[in-house]
Amino acid sequence: MSSPLVITGMGMVSPLGCGVNASWERLLAGRSGVSSITRFETGDLPIKVAGSVPGMESDPEAGFDPDRVADAKERRKMELFSLYAMAAAEEALTQANWFPSSDEDRLATATIVGSGIGGFPTITQAQDTLTTRGHRRLSPFTVPAFLANLAAGNVSIRYGLRGPLGCPVTACAAGVQAIGDGMRLIRSGEAEVALVGGAEACIDPLSLASFHAMKALSTEQEAPAKASRPFDQARNGFVMGEGAGLLVIETLAHAEARGATPLAFLSGYGTSADAHHITAGPEDGAGAAAAIRAALRMAGLAPEAIDHINAHATSTPVGDRAEIASLRNAFGDALPGIPISATKSATGHLLGAAGGVESIFSALAAIQDRLPPTLNLEHVDADLSDLNFVSGEAREHRCRHVLCNGFGFGGVNAALIVSKA
């Protein structure tokens, strides 16, 4: 029997702050990372709020300091999503104590960092430069900055990780799929250790305007912390977020052989396609349910064995209802007994980074037996009243197995089960 897969390191940059502990404790305390946009003038754009990663000036305790990640010369070659990935990688690798120095170990370490959009702001700024100043003013680092795989590439280069390198670009399922891809690489023998997760930073006027044109974003202006309201009757769209969440994963045997501490098990993973519509799943949730069932099969678990669900729950009316349909499809009568959290209520929607961040939140729920609250859930949809939402405040609850979902445009579905070590 093959050795089970374990998490040995975790790193995070989120709208709640930099570092896993800071983000987790603030999440449990019911704090919101959603605020008014100050990075640029929003003008007549109706989108005024986002889940921005705080800087040191606004959050001296846990703000993001780019100078700690890369010097000014390096930063000219990188987009923000790569810098977030670099910071999360350092934290995860430090906790795992995995800084391979031999050729053998470096070749055995994969780097898989998903992203939904990559360096989108670099693209919009480059187009503006081309239009207003001409092609000669474009930076030679424009392309290396915006390519989605450069988060993984920059991390790999910094730490000399020479094993498989990848970047699922599967919209909002990318972070979960990156973890699943890393699991497969280890299972196939192509890698012994994998640094996996997602990174995103596209709080940009064009991306916000484009999602607004789809009527996908919340237009809340007066109370930013109230804008993300998963499963609440008053929800009116998601809040754009940014950040990175990365995990170091390996087999239990490999971790024990090198004296690493297993934090949690990765016991199940599944992915599927809706083959239905570019932005909406089928009403019965069959596509997403297939991914959840595949994760349960890999884990060897019955539906009722799941103790907690960290829902994808973006806070869009269509998306939230589709996810509940998939959960009812997969769990049947067991669903009302399973506590459900929607942590995007505190962070906004990190697109391709969501799965990385939320898989860490799921692992921490299993490690600590604490369930994060769903903020702003005051009036649940009438037909969801039978469900067990964790709202208002964090909850103590025995967690052996936690399900984390990630779904994306194009009909891509991914589900991950994290279990107590």
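The coordinates are above.
Conventions adopted
Residues numbered from 1 in each chain as written. Predicted model: local features only at pLDDT ≥ 70, side-chain atom pairs only at ≥ 80, totals over all residues. Heavy atoms only, no water. Helix = DSSP H or I, 4+ residues; strand = E, 2+ residues; numbered from the N terminus. Rg over C-alpha atoms; globule rule 2.2 N^0.38 Å. Contact = heavy atoms within 4.5 Å. Salt bridge = Lys/Arg side-chain N within 4 Å of Asp/Glu carboxyl O. Buried < 20%, exposed > 50% of the residue type's maximum accessible area, 1.4 Å probe, protein only. Axes fitted to C-alpha atoms, helices over the stretch in contact; angles between N-to-C directions. Parallel < 35°, antiparallel > 145°, perpendicular 65-115°, else oblique. Nonpolar A, V, L, I, M, F, W, Y, C, P; charged D, E, K, R; others polar. Core = buried A, V, L, I, M, F, W, Y, C linked by side-chain atoms within 4.5 Å. 1 Å grid on protein atoms, 1.4 Å probe; cavity = no way out; pocket = protein on both sides within 12 Å on 5 of 7 lines; lining within 4 Å. Points joined across faces, edges and corners; volume = space filled by probe spheres on them. Left-handed = near helix turned anticlockwise from the far one by under 90°. Expected span 1.5 Å × (residues − 1). Disulfide = S-S within 2.5 Å.

Things to note about the overall build of the protein chain
Then, number 1: Of regular secondary structure, the protein chain possesses 15 helices and 15 strands.
Then, number 2: In terms of C-alpha radius of gyration, the protein chain reaches 20 Å, essentially the compact-globule figure of 22 Å for 421 residues.
Then, number 3: Taken over the C-alpha atoms alone, the protein chain extends approximately 65 × 55 × 40 Å along its principal axes.
Then, number 4: Taking all contacts inside the protein chain whose residues are at least 6 apart in sequence as the whole, residues at least 24 apart take part in 80%.

Remarks on the pattern of salt bridges
Then, number 1: Summed over the entire model, instances satisfying the criterion amount to 21 salt bridges.
Then, number 2: Measuring nitrogen to oxygen at the nearest pair gives 3.3 Å for the salt bridge that ties Arg26 to Glu61. Linking Arg26 in helix H1 (residues 20-28) with Glu61 in the loop between strand E4 (49-50) and helix H2 (66-69), this pair joins segments that are 35 residues apart in sequence.
Then, number 3: Taking the relative accessible area as the measure of exposure, Glu61 reaches 69% and is therefore exposed.
Then, number 4: As a salt-bridge pair, Lys344 and Glu358 come within 2.9 Å of each other at their nearest N and O atoms. Of the two residues, Lys344 sits in helix H14 (residues 344-347) while Glu358 sits in helix H15 (residues 354-368), which places them 14 residues apart along the sequence.
Then, number 5: Residue class for Glu358 comes out buried when judged on its relative accessible area of 2%.

Structural notes on unusual backbone geometry
Then, number 1: One non-glycine residue with positive phi stands out, namely Phe231, at about 70°.
Then, number 2: With respect to the helices and strands, Phe231 occurs in the loop between helix H10 (205-213) and strand E8 (243-251).
Then, number 3: Of note in the backbone geometry, Asp369 takes a positive phi value of approximately 55° without being a glycine.
Then, number 4: Along the polypeptide, Asp369 turns up in the loop between H15 and strand E12 (370-371).

As for the packing of helix H9 (residues 174-188) against H15
Then, number 1: The contact between H9 and H15 brings their axes to 5 Å, and the two run at 70°. The orientation of H9 relative to H15 falls into the category roughly perpendicular. The residues of H15 that touch H9, namely those facing Gly175, Val176 and Ile179, are Gly355, Gly356 and Ser359.
Then, number 2: Its residues assigned to classes, the contact of H9 with H15 comprises 2 nonpolar, 4 polar and no charged.

Quick look at the side chain of Ser362
Then, number 1: Mapped onto the secondary structure, Ser362 falls in helix H15.
Then, number 2: If we ignore the near neighbours within four places in the chain, the residues touching Ser362 are Asn310, Val402, Leu403, Cys404 and Val418.

Some details on the nonpolar core
Generally speaking, soluble globular proteins have nonpolar side chains that are buried together.
Then, number 1: With 47 residues, the main nonpolar core has Ile7, Met10, Met183, Leu247, Ile249, Leu266 and Leu416 as its most contacted residues.
Then, number 2: No other element matches H15, which puts 8 residues into this core.
Then, number 3: Discounting residues that sit within four places of it in the chain, Leu416 has contacts with Val176, Ile179, Met183, Leu266, Gly268, Tyr269, Ser359, Val402, Leu403 and Cys404.
Then, number 4: By size, the runner-up hydrophobic cluster in this structure holds 31 residues, among which are Ala70, Ala89, Val113 and Ala201.

Some details on the layout of surface pockets
The gaps left among the atoms become clear once a water-sized probe is rolled over them.
Then, number 1: Roughly 740 Å³ of internal volume is contained in the largest pocket.
Then, number 2: Along the walls of the largest pocket sit 41 residues, with Thr279, Ala280, Thr316, Gly319 and Phe409 positioned nearest its centre.
Then, number 3: Where the lining of the largest pocket is concerned, the elements lending two or more residues are helix H13 (317-331), strand E14 (401-408) and strand E15 (412-420).
Then, number 4: Ranked by residue count, the leading element in the lining of the largest pocket is H13, at 6 residues.
Then, number 5: Per-class residue counts for the lining of the largest pocket are 19 nonpolar, 17 polar and 5 charged.
Then, number 6: Space inside the second largest pocket adds up to approximately 380 Å³.

A short note on the packing of helix H12 (residues 286-299) against H13
Packed helices, taken two at a time, are described by the angle between their axes plus the distance between the axes.
Then, number 1: One way to put it is that H12 packs onto H13 with a least axis distance of 8 Å and a crossing angle of 50°. For the element pair H12 / H13, the angle class is oblique. The interaxial crossing formed by H12 with H13 has right-handed handedness. Contacts between H12 and H13 involve Ala286, Ala288, Ala289, Ile292 and Arg293 from the former and Ser326, Leu327, Asn329, Ala330 and Phe331 from the latter.
Then, number 2: Among the residues forming the contact of H12 with H13, the class breakdown is 7 nonpolar, 2 polar and 1 charged.

Notes on the environment of Phe211
Then, number 1: Within the secondary structure layout, Phe211 lies in helix H10.
Then, number 2: Classification of Phe211 as buried rests on a relative accessible area of 13%.
Then, number 3: For the pair Phe211 and Phe238, spaced 27 residues apart in the sequence, the C-alpha separation amounts to 9.5 Å.
Then, number 4: The residues touching Phe211, leaving out its near neighbours within four places in the chain, are Ile117, Ala216, Leu217, Phe238, Met240, Leu351 and Phe409.

A short note on H9
Because an α-helix completes one turn every 3.6 residues, residues spaced three or four positions apart along the sequence face the same direction.
Then, number 1: The terminal C-alpha atoms of H9, which comprises 15 residues, lie 21 Å apart, in line with the 21 Å expected from a rise of 1.5 Å per residue.
Then, number 2: The buried count for H9 comes to 11 of 15 residues, which makes it a mostly enclosed element.
Then, number 3: Of the residues making up H9, those classed as buried are Ala174, Gly175, Val176, Gln177, Ala178, Ile179, Gly180, Gly182, Met183, Leu185 and Ile186.
Then, number 4: A positive backbone phi angle near 90° is found at Gly189, which sits one or two residues after H9.

A word on the state of the cysteines
Then, number 1: In total, this model carries 0 disulfides according to the counting rule given.
Then, number 2: Free cysteine Cys404: the closest other cysteine sulfur is in Cys172, separated by 13 Å.
Then, number 3: Since its relative accessible area comes to 0%, Cys404 is described here as buried.

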